[in-house]
Amino acid sequence: MLEIKNIKKSFGALPVLKGVDLQVNQGDVVAIIGPSGSGKTTLLRCINYLETADDGTMVFDDESFQMQKVSKRDVARLRKKTAFVFQNYNLFQNKTALQNVTEGLIVARKIPKAKAVQIGKQALDKVGLSDRYDYYPSQLSGGQQQRVAIARAIATNPEIIFFDEPTSALDPELTGEVLSVMRELAKEGMTMLVVTHEMNFAKTVSNKVIFMENGCVVESGDSREFFEHPKEERTKAFLQTIHDTMSLAS
């Protein structure tokens, strides 16, 4: 469904992605993990053309694209098949939850307003916000705002959703409600590529894990195998650090 080959990206003299490959099949939930500064978010943004890669190819739905040369028309066409959930929600503060979900449907996709409202309400119902249609972001908790952002994503009926650390701005209780929604989407077969620090999500919900550091993929594979039998010494050290940190926290 989605295959990335040899993606490279530098900011000035700083190489951030050094030739990354990944493959996502329909129905996959792929977790991208690794220390801060490893290039995870930049990878996600390049795949969705929020950043322009310096090199690499992408195959999406059997179409091949040179990532550094793609046309604006192709970017627009590709984005209609995908959705992106940001770390900090990216909601319109002057619009209600329902308006945030319907805005893109009406303006970008030219869906009639009545139909867009119907789709928007269904999406908000799906994420547990049927009683918050008319609430503004300032009236919602962080977890509720992120669920509005997820509703906005699923309302477009995407083939794949990109999540960029969707719980990193939330406290533990609110993190749980967002991850619960993502678990339900996974059960329904939604294809997801998720940059996350939530190891339990990566271990129990994703079926594939990619571990990145310094702009490279250190190790990738089946989630259970990755966590139970990591092959690379750097992976083992990273997982041990996470384990020790969680033990101290508890």
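None of these values were measured; they are calculated from a predicted model.

What to know about the pattern of salt bridges
Tallying each qualifying case throughout the model produces 12 salt bridges. Of the charged contacts, one joins E188 and K126 as a salt bridge, the two residues approaching to 2.8 Å between their closest N and O atoms. Taken together, the residues span a long stretch of sequence, with E188 in the loop between α6 (172-187) and β8 (192-195) and K126 in helix α4 (residues 113-126) at a distance of 62 residues. What makes K126 partly exposed here is its relative accessible area of 45%. One network of salt bridges, with partners in common, ties together E63, D74 and R77.

What to know about the packing of α4 against helix α5 (residues 142-155)
Between two packed helices, the angle of one axis relative to the other and the distance separating the axes together describe the packing. The contact between α4 and α5 brings their axes to 8 Å, and the two run at 130 degrees. Classed by the angle they form, the pair α4 and α5 counts as oblique. As for how α4 packs across α5, the hand of that crossing is right-handed. Where α4 approaches α5, its residues I119, A123, L124 and K126 are matched on the opposing element by V148, A151, I154 and A155. Split by residue class, the contact of α4 with α5 holds seven nonpolar, no polar and one charged.

Considering the packing of aromatic side chains
All chains considered together, the criterion is met by four aromatic pairs. An angle of 40 degrees between the planes, with centres 4.5 Å apart, marks the rings of F84 and F86 as tilted. Classification of F84 as buried rests on a relative accessible area of 9%. Grouped by ring-pair contacts, the aromatic residues F84, F86 and F162 constitute a single cluster. Between R132 and the ring centre of Y135, over which it is positioned, the NZ or CZ distance is 4.6 Å.

What counts and what doesn't
- Residues numbered from 1 in each chain as written.
- Predicted model: local features only at pLDDT ≥ 70, side-chain atom pairs only at ≥ 80, totals over all residues.
- Heavy atoms only, no water.
- Salt bridge = Lys/Arg side-chain N within 4 Å of Asp/Glu carboxyl O.
- Helix = DSSP H or I, 4+ residues; strand = E, 2+ residues; numbered from the N terminus.
- Buried < 20%, exposed > 50% of the residue type's maximum accessible area, 1.4 Å probe, protein only.
- Axes fitted to C-alpha atoms, helices over the stretch in contact; angles between N-to-C directions.
- Parallel < 35°, antiparallel > 145°, perpendicular 65-115°, else oblique.
- Left-handed = near helix turned anticlockwise from the far one by under 90°.
- Contact = heavy atoms within 4.5 Å.
- Nonpolar A, V, L, I, M, F, W, Y, C, P; charged D, E, K, R; others polar.
- Phe/Tyr/Trp six-rings, centres within 6.5 Å; stacked < 30°, edge-to-face > 60°.
- Lys NZ or Arg CZ within 6 Å of the ring centre and 35° of its normal.

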